[in-house]
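# Analysis of the macromolecular model
Residue-level listing of the chains:
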Amino acid sequence: MIAWVHERTGLDRVWKALFERHVPEARGPAAWLYTLGSASLFVFLVQALTGALLAMSYAPTPDHAYDSVRYITGQVALGGFIRGLHHWGASFMVVLAVLHMLRVYFMGAYKYPREITWMTGVCLLLLVMGFSFTGDLLPWDQKAYWATAVGTNIAGQTPVIGGVVSRVLKGGSEMGAATLTRFYAFHVLVLPALLAMVVLVHLFLVVWHGISELPERRLQDGDPQGP
Amino acid sequence: MSWYEQYRSRYARLKQAGKPFFPYAVFKDMVVVSLILAALCWLAYFAGAGLEDLADPTDSTYNPRPEWYFLFLFQALKFFPGRLEPVAAVVVPGVSVLLLLLVPLLDRGPLRHPLDRPFWTGLGLASLAAFGHLTWSGYHSPLINPTVEKDPLISRGIRLYREMRCAYCHKINKKGGNIGPELDRSAGSGSEEWLAKHLRDPQSVTPNSAMPKLNLLDDEIQALVAYMKSLGEPFTAEAPKLFTQNCASCHRIGETGGEAGHDLSLIGSARDKAFIKRYIGDPSKTNPDSSMPGFKGQLTEVQIEDLSRYLAGLGR
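All figures in this text were calculated on a predicted structure; none of them were measured in a lab. (Residues numbered from 1 in each chain as written. Chains lettered and ligands numbered in written order. Predicted model: local features only at pLDDT ≥ 70, side-chain atom pairs only at ≥ 80, totals over all residues. Heavy atoms only, no water.)

## Concerning the confidence of the model for chain B
Averaged over all residues, the pLDDT of chain B equals 85, while 95% of them reach at least 70. Mean pLDDT per element in chain B: helix α12 (residues 267–270) of chain B is the minimum at 75, and helix α2 (residues 21–46) of chain B is the maximum at 95. (pLDDT = per-residue confidence, 0-100. Helix = DSSP H or I, 4+ residues; strand = E, 2+ residues; numbered from the N terminus.)

## A short note on a nonpolar patch on the surface
All names here are of chain B. On the surface, a nonpolar cluster with roughly 620 Å² of combined accessible area is contributed by Leu 98, Leu 99, Leu 102, Leu 105, Leu 106, Phe 119 and Leu 123. Mapped onto the nonpolar patch, the elements with two or more residues apiece are α4 (85–106) and α5 (118–140). Here the nonpolar patch gets five residues from one element, more than from any other, and that element is α4. The topology assignment puts Leu 98 in helix α4. (Patch = residues over 30% accessible without salt bridge, like charges linked within 9 Å, V, L, I, M, F, W, Y side chains within 5 Å. Areas by Shrake-Rupley, 256 points an atom, 1.4 Å probe, with all protein chains shown as cover. Salt bridge = Lys/Arg side-chain N within 4 Å of Asp/Glu carboxyl O.)

## Some points on the packing of helix α13 (residues 273–281) of chain B against helix α15 (residues 301–312) of chain B
Residue and element names in this part refer to chain B. The contact between α13 and α15 brings their axes to 9 Å, and the two run at 130 degrees. One way to sum up the angle between α13 and α15 is to call them oblique. Crossing of α13 against α15: the hand is right-handed. On the side of α13, the interface is formed by Lys 273, Ile 276, Lys 277, Ile 280 and Gly 281, while α15 contributes Glu 301, Ile 304, Glu 305, Leu 307, Ser 308, Arg 309, Leu 311 and Ala 312. Grouping the constituent residues of the contact of α13 with α15 by class yields six nonpolar, two polar and five charged. (Axes fitted to C-alpha atoms, helices over the stretch in contact; angles between N-to-C directions. Parallel < 35°, antiparallel > 145°, perpendicular 65-115°, else oblique. Left-handed = near helix turned anticlockwise from the far one by under 90°. Contact = heavy atoms within 4.5 Å. Nonpolar A, V, L, I, M, F, W, Y, C, P; charged D, E, K, R; others polar.)

## Focus: the domain arrangement of chain B
Once the domains are mapped, chain B shows domain 1 (66–140), domain 2 (152–230) and domain 3 (238–312). The straight-line distance from the C-alpha centre of domain 1 of chain B to that of domain 3 of chain B is 45 Å. (Domains from an automatic or database assignment.)

## Comments concerning the packing of aromatic side chains
In this structure the tally under the stated criterion is 26 aromatic pairs over all chains. When the ring of Phe19(A) is compared with that of Phe22(B), the centres are 6.4 Å apart and the planes differ by 85 degrees; the resulting orientation is edge-to-face. Taken together, the residues span two chains, with Phe19(A) in helix α2 (residues 11–19) and Phe22(B) in helix α2. Residue class for Phe19(A) comes out partly exposed when judged on its relative accessible area of 27%. (Phe/Tyr/Trp six-rings, centres within 6.5 Å; stacked < 30°, edge-to-face > 60°. Buried < 20%, exposed > 50% of the residue type's maximum accessible area, 1.4 Å probe, protein only.)

## Quick look at the side chain of Lys171(B)
All names here are of chain B. The residue Lys 171 is located in strand β2 (residues 171–172) in this model. One buried charged side chain, Lys 171, makes no salt bridge at all; its nearest oppositely charged neighbour is Glu 182, positioned 5.2 Å away. Engagement of the side chain of Lys 171 in a polar contact is seen with the side chain of Asn 178, the distance being 2.6 Å. With residues up to four places along the chain from it excluded, the contact list for Lys 171 reads Tyr 161, Gly 176, Gly 177, Asn 178, Pro 181, Glu 182, Leu 183 and Asp 184. (Lys, Arg positive; Asp, Glu negative; His and termini not counted. Polar contact = N/O pair within 3.5 Å; in protein donor to acceptor, adjacent residues only side chain to side chain.)

Okay, here's the thing in structure tokens:
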């Protein structure tokens, strides 16, 4: 039975390529720094799951957004807890992604042959920022409204194209219903699709090149990386 | 290009000598993921996600605060005032992101240990320090508008006022319909008992009132009364004249008045009547640096009270 599935899906080979691949041994506490990427991926999955649950009871219009969030927090079973997970997950996401990036940066792990892996990683960080910016507005409370007002004003200051950018973000010259639906569409449709694609490329490259080894000091005789 | 090949063969050897991803790396991942999940659940359960009052686009006194990880950007804006603001808002972040993206093309060569790359390690540490410093000072920077502690009962009253569309008939701050009285001019003069009775059954205290019976709950009436009482107390027609005679040489309200003192057009949204009254009487007691003279003695107690009521209603 299992062999029958394997023959038709190649799952056994996928498992071999993903999980039985060898990883250079990193000794000491520094080895734990290599978990930050997986941790970011995990928090992303938490965000996707809690986000989908929240979307089931959320109404993206100025008339109902605030009340639906109050409803989620007070009425829906475990609603407050799920909203708390999504809220704190956003902060965790930023922190873990940045820590992961710092690990790669200070270890010089972006060097040959992993340059493009790094670039996709920077794109992922920008997407995470986009998630945070668009998600902030959704509760439609005072904090949400005014933080977004300032954010869109900042975007509006871009030389030459600022006016257009600000209007595209707000869906008009003033913040209102169009802004909320637009941010919601970005938050639950556009950004997740982009993020999923870039994550797949990023993961593929990580597996393709192999996880980088711990960097070593240059040896005295000039040999760059030792024997 | 020889070090590319050298690296590849060296990496292949290290990889071969290494351990399989599962279970060795997966185990570490699971440990960290479990800790993170525990921390997340703890925060979600005990701290939760806040929810402030409903967004109010007309509230010009709100202090916008971004999420903490955007604070550094807010703070950086303060170093580039006026026409230079686009530099901090767009140019600096844009260039930084581009630089970040291109790091692998700028820092090439085989050396990877941080101590073998002093320039890049230094740049990274300096950026981290700048980010930390900006976030820290942004967190501790004074708010642009003084915070007003709003009584939750009053907030509830505001929400009810909006939900029940009271503004269809009533005006507050010159906005709303003409059928009922202007509430910020009249409601403050009624006692709490009178207001509560009126809200419960308008005709019982005002026989000819056109206001419908709203079948409100007790706590809703309480909230609405609190809101009405917060609208301020009535002042006489003397008050604006007192302002023109005594204050307008330094302070402005709207388009008219002096420049030496603060603009008081919205003072009521930041200060209550008691504060304003204290301040007019003797500014140096509240603010030792103030150059404003005290008006105790110059104006009567009744006049100062009248003036304070007038000012406390501005911008509400």
